[in-house]
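What the coordinates show
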Amino acid sequence: MKKLKRRFIVPAVVFILGMCALIGAIYVVGDGQEQQNRTKAKLNAMTYAERIKGELMEGIGVTDTLKQVVISGDGNINRFYDVAANMMDDSIQSIQIAPNGVVTEIYPEDRNESGKIDLINDSDRGEISRYARDNDTVIMQGPFELKQGGYGIAVRNPVYLENENGQKSFWGFTIVILKVPEIFSDSVEALSNFGYKYSLQKSASPWDATYVWVYGSKKELNDPVIYDFDVYGDKWRLEILPKSGFYNNNYLIYMVIGGVIIVLLLTGLTAALISINENRKNFKRLAVTDTLTGIYNRLGFDEQVEQYMRQNPQKHCVVAMLDIDDFKLVNDVYGHAAGDGALKKLAESMKQYFSKDVILGRNGGDEFSIFMPDCTVMEVKPSLKKFTEETRKFYGKGEEHTFTISLGFAESPVFADNRSQLMRCADMALYEVKMRGKNGCMAYREGKHVKSRAKLGFAVKDIIDNMPGAFIVYRADKENDEILLANSELLRLTGCKNMDELLAYTGKSFRNLIRRDELESCQKSIWSQIDGGNVNDYSFFHMKKADGTYISVLDHGRIVDLVHNGRVFYVMIMDLKSLQRHYGDCLELVEK
């Protein structure tokens, strides 16, 4: 209702004020025809120059919107052509992006392929593009002839990305090529209809005061009314002159008619600006919202927390960071759709559990953040512990599965006096939970927290690949012994270049590694040991390599029950010849 009032009342007020100004102008300047005409010309120059500026700003707004998409995607634009297609209109020749200053994507691409150039180093565009990059300012270059016919103006908007330390780095440009005169065709057409000759000019470059012709009369106008305006640092000039000169016997009639039209145009412009402003607010909301979960994304969360901490520097507050345990495994085993389901389920539980004054955000991937204002660690610890222990489920492969979370939290200003430092403390607490076995909740403890994630943390892949032996994981199922994992040493032992090659020649089945005449006895030996109550099993067999040859190996396995994969075998496989070189006859007797 409030938006509706603003859309109608404000233009109505503008219309009323405009009409009052018109009546006053007629009364005040009625005794001087030349002055009247000149005043009218100045008013028209201002109105249409501002309207042209507004139309140019609409075109530039396309680059601003695209810029926000780049920033919210941390430098990535998914489905660029779909995004660009939604922004196109008749006044736009093409929409482009130029990471690192090199144009890589153009919409529409047809007949625009030649536009894929290195803007920074181009002889015609390099200097002004470097100026835009170095001064972080929008630049407009042109007009220039388009290969498709007509003229165009290039708008290049530099994009800078900010890392977690607040440092900015140049990403590239978002670009729109505006058609001339289509971008301001309504304005220049209206000027002509009102009986004016006109000339629209702009500065050759931000550092050059020389004006170049853009559209209108190329001949110099005699004593015209001049209106100068700026568009992102570029100087623009609109010169207008009545076709019959400043002396006109029908001046008052024209002034009344023209004034009414101007007021209507101002009213329409006001309504348009209000609509544009509301659309920009919607774009802003979309830019700070995570599309999957509906809560704040990293940008939106950081902005809200920064604002609170800046306005309330002495108030205590708590930030919690959490993620889903073994989330990569959920994606790998059940697919990304199931992973997305788990993320949405976690976000829903956050929205239901915490009060409205709590700020919720998704940092990216499976990592989430919670900001609790005006509270201490001791006050929120029981609540966070209870939240962590809640049972959560997702659906994957037609079945319901549970998942757990890990959570770390920290308090300001006890351990931090700014958002980034507070987030780091919460992250350290989260990491300590992970190091202690996951599925827990822990507060940051100064002096007792992990000192360095780089020193204490090891990637699972690094550990497995650097084991001093061949290692393989497969399902502990007599009918389905699917291979799930193999390290680099096992790939080397079997003569495979990668995991795909191993899965190809084994058909993803562990039994296909065993020589056929030993398969039944080997499988029987393994399962008799397991069925007999042993956790570990031992067996000898000849393992088939990728080239069809065999090597004698010792198999030492352990059966384990996992949450996501059920029962699996963890198996170490050792080359008997290598062992015999070190242990001699002892192993030969065992093999016999």
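Residues numbered from 1 in each chain as written. Predicted model: local features only at pLDDT ≥ 70, side-chain atom pairs only at ≥ 80, totals over all residues. Heavy atoms only, no water.

Per an unreviewed UniProt entry, the recorded name for the chain is Diguanylate cyclase, and the organism is Agathobacter rectalis. UniProt, in its Subcellular location (unreviewed entry) section for the chain, records the words "Membrane". (UniProt positions renumbered as here; feature names shortened; annotations may be inferred.)

Some points on a negative patch on the surface
On the surface, Glu58, Asp89, Asp90 and Glu182 cluster together into a patch of negative charge. Inspection of the secondary structure puts Asp89 in the loop between helix H3 (80–87) and strand E1 (92–99). (Patch = residues over 30% accessible without salt bridge, like charges linked within 9 Å, V, L, I, M, F, W, Y side chains within 5 Å. Areas by Shrake-Rupley, 256 points an atom, 1.4 Å probe, with all protein chains shown as cover. Salt bridge = Lys/Arg side-chain N within 4 Å of Asp/Glu carboxyl O. Lys, Arg positive; Asp, Glu negative; His and termini not counted. Charge placed at Lys NZ, Arg CZ, Asp CG, Glu CD. Helix = DSSP H or I, 4+ residues; strand = E, 2+ residues; numbered from the N terminus.)

Some remarks on the sheet that holds strand E7 (residues 208–216)
If you walk across this open sheet you meet the 4 strands as E7-E6-E9-E8, and the pairing is antiparallel. At either margin of the open sheet sits one strand with a lone partner, and together these are E7 and strand E8 (225–231). Between one strand and the next, the sheet's axes are offset by a mean angle of 25°, whatever the strand orientation. Taken together, the 7 bridges between E8 and strand E9 (residues 234–242) define a ladder with antiparallel strand orientation. (Pairing = 2+ DSSP bridges. Axes fitted to C-alpha atoms, helices over the stretch in contact; angles between N-to-C directions.)

Notes on the pairing of E7
Along any regular strand the residues' side chains alternate between the sheet's two faces. Relative to E7, strand E6 (residues 196–205) runs antiparallel, the two sharing 6 bridges. Each residue of the ladder has a partner; that of Leu200, found in E7, is Tyr215. If you look at the hairpin formed by E6 and E7, you'll find 2 residues sitting between the two strands.

Some points on the packing of aromatic side chains
To describe a pair of aromatic rings, one takes the distance between the centres and the angle between the planes. Under the definition given, this model contains 22 aromatic pairs. Centroid distance Tyr160 to Phe170: 5.5 Å. Interplanar angle 65°. Geometry classified as edge-to-face. Remark: Phe170 occurs in strand E5 (residues 168–180) and Tyr160 occurs in strand E4 (residues 151–162); sequence separation between them is 10 residues. Pairing Phe510 with Phe541 gives two aromatic rings, centres 6.4 Å apart and planes at 85°, and the pair type is edge-to-face. Of the two residues, Phe510 is situated in the loop between helix H15 (499–506) and helix H16 (516–531) and Phe541 in strand E19 (residues 536–544); the sequence distance between them amounts to 31 residues. (Phe/Tyr/Trp six-rings, centres within 6.5 Å; stacked < 30°, edge-to-face > 60°.)

Brief notes about the pattern of salt bridges
In this structure the tally under the stated criterion is 27 salt bridges. For the salt bridge of Lys235 with Asp230, the shortest nitrogen-to-oxygen distance reads 3.3 Å. With a relative accessible area of 41%, Lys235 lands in the partly exposed category. Taking the shortest distance from any N to any O, the salt bridge between Lys478 and Asp531 comes out at 3.6 Å. (Buried < 20%, exposed > 50% of the residue type's maximum accessible area, 1.4 Å probe, protein only.)

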